[in-house]
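Fold and geometry: a report
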Amino acid sequence: MAAIMSLREAIAENVRDGDVVAMEGFTHLIPFAAGHEVIRQGRRNLTLVRMTPDIIYDQMIGMGLANRLVFSWGGNPGVGSLHRFRDAVENGYPAPLAVEEHSHADMAARYQAGASGLPFAVLRGYVGSDLPKWNDRIRTVSCPFTGEVLAATPAINPDVAVIHAQQADKRGNVLIWGIVGIQKEAVLAARRAVVTVEEVVERFDATPNACILPHWAVSAVAVVPGGAHPSYTHGYYDRDNAFCKAWDGISRDRRKFADWMEKHVLGTRDFAGFRRSIGLAEAGAAS
Amino acid sequence: MAAIMSLREAIAENVRDGDVVAMEGFTHLIPFAAGHEVIRQGRRNLTLVRMTPDIIYDQMIGMGLANRLVFSWGGNPGVGSLHRFRDAVENGYPAPLAVEEHSHADMAARYQAGASGLPFAVLRGYVGSDLPKWNDRIRTVSCPFTGEVLAATPAINPDVAVIHAQQADKRGNVLIWGIVGIQKEAVLAARRAVVTVEEVVERFDATPNACILPHWAVSAVAVVPGGAHPSYTHGYYDRDNAFCKAWDGISRDRRKFADWMEKHVLGTRDFAGFRRSIGLAEAGAAS
Amino acid sequence: MSESGYTLNEIMTVAAARLLRNGQVCFVGIGLPSAVANLARLSHAPELVLIYESGTIGAKPDVLPLSIGDGELAETADAVVAVPEIFRYWLQAGRVDIGFLGAAQIDRHANINTTVIGPYDRPKTRLPGAGGAPEIAAAAGEVFIILRQSKRTFVDQLDFITSAGHLTGGDSRARSGARGRGPQVIVTDLGILRPDPESKELVMTSLHPGVTADQARAATGWKLRVADRPEVTEPPRPEELELLRALHARTARAHGAAPAEG
Amino acid sequence: MSESGYTLNEIMTVAAARLLRNGQVCFVGIGLPSAVANLARLSHAPELVLIYESGTIGAKPDVLPLSIGDGELAETADAVVAVPEIFRYWLQAGRVDIGFLGAAQIDRHANINTTVIGPYDRPKTRLPGAGGAPEIAAAAGEVFIILRQSKRTFVDQLDFITSAGHLTGGDSRARSGARGRGPQVIVTDLGILRPDPESKELVMTSLHPGVTADQARAATGWKLRVADRPEVTEPPRPEELELLRALHARTARAHGAAPAEG
């Protein structure tokens, strides 16, 4: 059974210095609260993995927690660039950030391979693209039947995956609906997994087909209402577009960024405190 | 949009002599009505593909429609052998049946490769097994990163897939819940696809996450209430265990089998007629 | 808005939308491509199937999504699948007729850069990266591209090929192993470009009303070929404009502000 | 039923169930393995996770399924996934502690045949085939096997190796690339066998009450090794028998007849 514990404990137990960390979510259900807790606990030398690094990775990179990023598209969706990410790549500030860059189809296939216990993934990919010239982890394999040459890339097996979900039940089974993204694969590819949820319910109002992860495949579940803010949780709350736009201004300036992080993330005890400090209402009550 | 038509038309248009045909279902939702219609229409020289050939394939093989079977487990679940299948393999009656035999994990991976537009699938499979000695479509591939040697098998791309589902909506989107098996992959791997359903509904009582196939991925939808009998349709009717046991007796004897098929399948016009002829009540009304 | 009664953005969006046909399956990038595809769906192509890489198949949003994974897409879709599946079972398998992409830069053979400006290992500007584009560009039956035309976006030499267009031209794409036919139309705020059937170099085949060939050349980083008698794009019809503006107005109301693009 | 108050089937099932520990993840074959795993779950191992290859994870059926894909399994599961996923994400990935298999035939190294009796290309008896067994046998942390012991099932030479046990013995399995430790226990109606730690040849380490070593040897197609002092299997306790019989009675009521096995 997944242990249901506080987010602080869940991160302390499962995210370690030097880890390969995948905090996944595809626009929907980004694990912001968990990302903040990683920042608060001062983890260092992380390799961050994600298909679509957005504001939370911008914050972690800007705080100097990561020395490597594995990704396929990095931006502030609907807004523009990630300025802390760009500053790290373009200027090595606050620390150099090595990038390992793939395409979405490839990253998704790599997670699948990782979740499947296979050492590599095969895809029709990168035809004519320069990416393989800069990434020696994009190779080729020949079909033993047709002789066709296809792209091959290594499985991803993070030390820890962190995701946000709508609900867990009392045993720790996890339910996601709406856009499900790559979260199941990220969790199953990882050695450990932390899931934050909006609430714990007695039983799901859904068939077992909708359960994304059985309890024993998860290391820890933490209840964090609103934990995906400023992204959204389908059925709970919408995306905070104003915040995402405001982030553009906050993150353009190194000092402004540092002050904001100091005040709202390092200066608060937990995600509820963070929410109060940026003037958000209290999120739905945890059950 | 998937065309909604009679089962007779759907089979006439989509299943042709000499086709590679995958009628899939994993204990649940076996497309019996469609199989009977293929028999009634007298298709010949079929290659039958299925992970778990059971009574309906026993009937088709016994009627001499197939000259090749691609499979991973053949039996009458919970009862025993498929006697027509065995007679074909052991004695070449009524015609020799070539078998191409894989494991479940492999067949599932082959369908996935077929659905993915890849020429082959990779799996950790067949370690120490004699199957590769008799099947040259089980080969190996080396991981371009670790050098590990893994099993490789060719994608399955049937000419036509046939499945049974609980519901379609008016546009032909398809809903399955309970055990979903390999049906989605079989349909997406195939060039054409026929789906029989218990009923057509105005809209599904489920999120779009539960829709197994969008309408445009299906060639034809036919409403056949009870169409999975004697297997079951979750939420509609249970498995007819008495029939499955009775089949053991019917199918053991060549003459008894032929008489039964003549009377109940060839001698009836459609599945409703078949159901009446074996003394079943009328199945739920089609909407 | 010019005295013509519509903006260049509007004619670009409308002209692109007209290229999509009812019943086609369109893999949609966010921003302009999404605006175009939804306009087509709301006008002449109600059965256009929109696939977004977030896993939504047959999305029918009432407002434009701000991101590729807005809840509206999931709510209105026929089916929602996981991200690995959308790329494997739907795109890679060849089920997509049109891949509709934006771009930061393209070259004369419609190769696309969304990765870096400057050297890859010392970028002047780090762009978002590949996302789904390399495989969309390779696997879709054909590719449509929409972007504004300027010397910054239409460049003589890409710093990085993220996604293949016609590569070095001629039959180089056919020889590359890409399965789809590649970019067939590029719609800009100045007009429409199509690859020459042989050389695969982009030719400006249509200019929007009031746009001159010289304007188009001046907005292009290579020596642009313009058709001898370029067509003049049909101006947006009132009903097209009405639909587009209503869509943007609904979107602005829903998101609390105008979307960044389109 | 003998004068002991239980049948050999019952002691076989109960003895096998005792081997499963609470919290383990067990990939369950249909028939006897399913009866065993459910008995364990209903007695000392309520948190035993049952996975069936039909895609049901954490099934908690109240009656024994007749097939690997009964509706009862889906209804009571924590999660239901597609068949490709159950093999890739759950079995192949190494998430299964115990693979619990039946068999038509085994040999002295616990290799399994479920394919043919006689030559493969001219079978005397065509058996159902591999199903999930080759990969269960390779990938599960360890494998338990349950089958009735007779010269027909315990054979000197398999006609066909469907699923690998310890292959030719010694370190041959370790060298084969199989990831799991292979068969660790075989439970029969006569007793329990375990592989010798070095040679990996099966040794009869336990006999059910009243069964003699000679009886076991007579039911084995090779020169069976019996431990010097074989244990005597603890007879089914009344509460175990009660649970098992209640389970079978419920199953018979639900299915309209007794299940075929166990």
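Structure's up top.
Residues numbered from 1 in each chain as written. Chains lettered and ligands numbered in written order. Predicted model: local features only at pLDDT ≥ 70, side-chain atom pairs only at ≥ 80, totals over all residues. Heavy atoms only, no water.

Some remarks on the interface of chain C and chain B
Frequently, the measure chosen for interface size is the accessible area removed from exposure when the parts meet. The condition is simple: The criterion used for residue contact is that any of the two residues' heavy atoms lie within 4.5 Å. Here the quantity called buried area is the accessible surface, traced with a 1.4 Å probe, that two parts lose on coming together, added over both. A carboxyl oxygen of Asp or Glu within 4 Å of a side-chain nitrogen of Lys or Arg is what we treat as a salt bridge.
Contacts between chain C and chain B engage 20 residues on the former and 18 residues on the latter. Contact between chain C and chain B buries roughly 1600 Å² in total, counting both sides, with carbon and sulfur atoms accounting for 55%. Of all residues in chain C, D78, Y89 and W90 of chain C bury the most surface against chain B, accounting for 37% of the area lost on that side. Taken together, chain C and chain B are joined by two salt bridges.

Some points on the pairing of strand 3 (residues 46-50) of chain B
Residue and element names in this part refer to chain B. Basically, it comes down to this: Between buried and exposed lies partly exposed: a residue is buried under 20% and exposed over 50% of the maximum accessible area for its type, with that area taken using a 1.4 Å probe on protein chains only. Going along the chain from the N terminus, every DSSP run of H or I of four or more residues is numbered as a helix, and every run of E of two or more is numbered as a strand. Look down the strands so they point away from you; if going from the first strand over the helix to the second traces a clockwise path, that crossover is right-handed. Criterion used throughout: strands pair if DSSP finds at least two bridges between them.
Strand 3 sits mainly inside the fold: five of its five residues count as buried. Burial along strand 3 is two-sided: the face carrying L46, L48 and R50 and the face carrying T47 and V49 are both buried. On the question of chirality, the crossover connecting strand 2 (residues 20-23) to the parallel strand 3 by way of helix 2 (residues 32-40) is right-handed. Here five bridges tie strand 3 to strand 4 (residues 66-71), and the two strands are oriented parallel to one another. Considered in strand 4, the bridge of R50 is made with F71. On the question of chirality, the crossover connecting strand 3 to the parallel strand 4 by way of helix 3 (residues 55-62) is right-handed.

Quick word on the packing of helix 1 (residues 8-18) of chain D against helix 8 (residues 238-255) of chain D
All names here are of chain D. To keep things clear, this is the line we draw: Note on geometry: axes are lines fitted to C-alpha atoms, helical ones only across the stretch in contact, with angles between N-to-C directions running from 0 to 180 degrees. Reported orientations rely on four angle classes, namely roughly parallel under 35 degrees, roughly antiparallel over 145, roughly perpendicular from 65 to 115, and oblique for the rest. Lys, Arg, Asp and Glu make up the charged group, whereas Ala, Val, Leu, Ile, Met, Phe, Trp, Tyr, Cys and Pro make up the nonpolar group; the residues left over, Gly among them, are polar.
Their axes nearest at 11 Å, the elements helix 1 and helix 8 cross at an angle of 110°. Here helix 1 lies roughly perpendicular to helix 8, going by the angle between them. Contact with helix 1, carried on its side by E10, T13, V14 and R18, involves E240, L241, L244 and R245 of helix 8 and no other residues of that element. Looking at side-chain class alone, the contact of helix 1 with helix 8 contains three nonpolar, one polar and four charged residues.

Section: the sheet that holds strand 14 (residues 225-232) of chain C
Residues and elements named next belong to chain C. Strand order in this open sheet of 10 strands is 4-3-2-1-5-10-11-12-13-14, and the pairing throughout is mixed. Each edge of the open sheet carries a strand with a single partner, namely strand 4 (79-80) and strand 14. Taken together, the three bridges between strand 1 (residues 25-28) and strand 5 (residues 98-101) define a ladder with parallel strand orientation. Bridge pairing links F27 to G99 in strand 5. Together, strand 5, strand 10 (142-146), strand 11 (183-187) and strand 12 (191-195) form the strand contacts of helix 1 (residues 8-17), whose direction differs from that of strand 11 by roughly 155°. Sheet contacts for helix 4 (residues 83-92): strand 1, strand 2 (49-52) and strand 3 (56-57); angle to strand 1, the most-contacted strand, approximately 145°.

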